[in-house]
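If you want the building blocks of each chain, they are given just below.
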Amino acid sequence: MNLYVKNNPFWFELENLTRLYFPNEKITVFKEFDSIEKPFIYASVFDKIRVRVSLGGFDREETAALGADKNETELHTVQLLYKILRDFSGISQPWGLLTGVRPVKLLRNLSAEHGKDEARRRFSDEFFVSQEKLRLAAQTEENEAKILSLSKPESFSLYVGIPFCPSRCSYCSFVMASVERAKKLTEPYVELLCRELRETASIAAALGLRLESVYFGGGTPTALSAEQLNTVLKTVRNSFDLSSCREFTVEAGRPDTIDKERLGSLKENHVGRISINPQTLNPETLEKIGRRHTVEDFYRAFELARSCGFDNINTDLIAGLPGDSAESFEHSLDEILRLNAESVTVHTLCVKRAATLTTEGVTLDRDDADRARRMINYAQGRLTESGYLPYYLYRQTRMVGNLENVGWAKKGCESYYNVYVMDETHTILACGSGGVSKLKNYRTDSLERIFNFKYPYEYIDRFGELIKRKQAITRFYG
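Report follows, based on the coordinates. (Residues numbered from 1 in each chain as written. Predicted model: local features only at pLDDT ≥ 70, side-chain atom pairs only at ≥ 80, totals over all residues. Heavy atoms only, no water.)

**Focus: unusual backbone geometry**
Put simply, the rule is: Runs of H or I in DSSP of at least four residues are treated as helices and runs of E of at least two as strands, each being numbered from the N terminus. Classification of residues uses two cut-offs on accessible area relative to the type maximum, computed with a 1.4 Å probe and protein chains only: under 20% is buried, over 50% is exposed, and between them is partly exposed.
Lysine 38 connects to proline 39 through a cis peptide bond whose omega is -10 degrees. Mapped onto the secondary structure, proline 39 falls in the loop between strand S2 (28-30) and strand S3 (40-45). In this model, histidine 270 sits at a positive phi of 65 degrees, which is unusual for a non-glycine residue. With respect to the helices and strands, histidine 270 occurs in the loop between helix H8 (260-268) and strand S11 (273-276). Its relative accessible area of 55% is what places histidine 270 among the exposed residues. With phi around 65 degrees, asparagine 340 is a residue other than glycine that occupies positive phi space. By the secondary structure assignment, asparagine 340 is in the loop between helix H11 (326-339) and strand S13 (343-348). Looking at asparagine 340, the relative accessible area reads 39%, which means it is partly exposed.

Spelled out as structure tokens, the structure:
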């Protein structure tokens, strides 16, 4: 697909919108050109806005007046393209023309500026968001509010990255290494991670920062041995002031990494919330996506966690996985509800360029979208009637059906970290490979980022350089 833009600074937004309707095609943006080749989308901004779409036998051009300012002109331009593509395809996107990661944050900001009624009117009338998704966003925003109100200017959360997994899932694009292939890296990685944690804790203490939540992610933190996991957890406990910490979560994630010894390490170090993520309880789909555990492994891990005293367990499911029917997804969710998990995060499959599914040629089509939307609708209905509340929501590009990821929880079991990181409420200090510290400036509402090295071997080889980067935290707060 060719996207031609003339005197038009909105090409990024137009490209993202085009991708909603052509998720499998390469979109080439031309800002300087002498001629136009079909199929094309053309958008120009001069004395008026002009958008033309020419695809096969379909050819339509629409115009609109310039807006009162740049933002309004951008909105009018994107609105024109959305309306044409909607008519061409017969598809109204559930989130309308919105392509951003944080629609709930957008709704919150608009409500603060214009009032709730006007914000919701804009979502519906100007952004073309469906009434169903508008209600979901509004409900999520209300449930987030109490958690956001707890954050103070001196607050921060800690992210600890463990970039190892038993194997790579076919939909995964995260930087990680299988434990089998990277076994020689785990011990030096743990040693240096503990050094980084101690250095970060020292900086936070010197600045008088207050720790609100701790989150171990990855990868799969429980891919470490029980001894290694215990070492990292104890380093956090002994280095940071946890007196104000409201949540300590560890993504146990893969059921095939969960045993009594690891759960004992988590309990010993006061971890209060864990995730055990089957993604699906369809055996055929588990095999297709490269999960090496069985459905029985999930039940075993869940029951073992309960017997070890864990009373706040999250489970992840993914709608739209290859080979998973609407009926098998519904069965998976019904089983999670039967187990009475405290929270359920329902993701929509996102086919990233780096994922194995993409490199093997898996694409998205209308049937996939319809199936995923049926799954998500079922999940929303069943979780709501079962007493779960949506408490955080985010979106990604290349999601099947242009849907969303939603965290659902019983009242009082929400993940503080998930809300804080998604809203960009306060500073996140990240340790480990692939981590990104985000320093929040309360005066300007802006973020400054400090990037750790992505790969475990790079983290190990260039650790001294990484530690020097931490000095930016002190400079930022100074």
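**What to know about the environment of serine 243**
Where we set the bar: Polar contacts here mean pairs of N or O atoms no more than 3.5 Å apart (in protein, one a potential hydrogen donor and the other a potential acceptor; neighbouring residues in sequence count only if both atoms are side-chain atoms).
Following the sequence through the fold, serine 243 ends up in the loop between helix H7 (226-239) and strand S10 (247-253). You can call serine 243 exposed: its relative accessible area is 67%. Separated by 85 residues in sequence, serine 243 and serine 328 have C-alpha atoms that sit 44 Å apart. Within the local environment of serine 243, its side chain forms a polar contact with the side chain of aspartate 241, the two groups lying 2.7 Å apart.

**A word on the packing of helix H4 (residues 116-125) against helix H5 (residues 131-148)**
Put simply, the rule reads: Lines fitted to C-alpha atoms define the axes here, with helix axes fitted over just the stretch in contact, and angles between the N-to-C directions of these axes take values from 0 to 180 degrees. By the definition used in this description, the sense in which the near helix is turned from the far one sets the handedness, with an anticlockwise turn below a right angle giving left-handed and a clockwise turn giving right-handed. Here, residues are in contact when the closest pair of their heavy atoms is within 4.5 Å.
Relative to each other, H4 and H5 sit at 145 degrees, their axes nearing to 10 Å. Relative to H5, the crossing made by H4 is right-handed. Residues Lys116, Arg120, Phe123 and Ser124 of H4 touch H5, and the partners they reach there are Gln131, Leu134, Ala138 and Glu142.

**Considerations on H8**
Because the α-helix completes a turn every 3.6 residues, residues three or four places apart line up on one side. In plain terms, the rule: An arc is given here, and it is the one of the directions from the helix axis to the C-beta atoms.
Within the sequence span of H8, burial applies to Arg262, Leu263, Ser265 and Leu266. For H8, the buried positions fall inside an angular range of 155 degrees around the axis, keeping them on one side. Exposed side chains of H8 directed beyond 90 degrees from the buried face belong to Lys260 and Glu261. Turning to H8, the residues buried within the fold contact H7, S10, S11 and helix H10 (295-307). At the N-terminal end of H8, a side-chain oxygen is found 3.3 Å from the backbone nitrogen of glutamate 261, two or three residues along, and the residue is aspartate 259. Just downstream of H8, histidine 270 is the residue with a positive phi angle, here 65 degrees.

**Comments concerning the packing of H5 against helix H14 (residues 416-423)**
Where we set the bar: Throughout, the term roughly parallel applies to angles under 35 degrees, roughly antiparallel to angles over 145, roughly perpendicular to angles from 65 to 115, and oblique to all others. Only Asp, Glu, Lys and Arg are considered charged in this grouping, and only Ala, Val, Leu, Ile, Met, Phe, Trp, Tyr, Cys and Pro are considered nonpolar; every other residue, Gly among them, is considered polar.
Closest axis-to-axis distance for the H5/H14 pair is 10 Å, and the angle between their directions is 100 degrees. Considering their axes alone, H5 and H14 lie roughly perpendicular with respect to each other. Residues Glu144, Ile147 and Leu148 of H5 form the contact with H14, whose own contacting residues are Tyr416, Val419, Tyr420 and Asp423. Residues belonging to the contact of H5 with H14 are distributed by class as follows: 5 nonpolar, no polar and 2 charged.

**With respect to the sheet that holds strand S4 (residues 49-55)**
Spelled out, the test is: Only when DSSP finds a minimum of two bridges between them are two strands counted as paired.
Pairing in this open sheet of 5 strands is mixed, and the strands run S2-S1-S3-S4-S5 from one edge to the other. This sheet does not close on itself; its edge strands, each paired only once, are S2 and strand S5 (58-64). Neighbouring strand axes in the sheet, compared pairwise and without regard to direction, differ in orientation by 10 degrees on average. One ladder, built from 5 bridges, connects strand S1 (residues 2-6) with S3; its direction is parallel. Bridge assignment links asparagine 2 to a residue of S3, and that residue is phenylalanine 40. Running over the sheet, helix H1 (residues 11-21) touches S1, S2 and S3 and is turned about 155 degrees from S1. Of the strands in this sheet, S3, S4 and S5 are in contact with helix H2 (residues 70-89), which crosses S4 at around 25 degrees.

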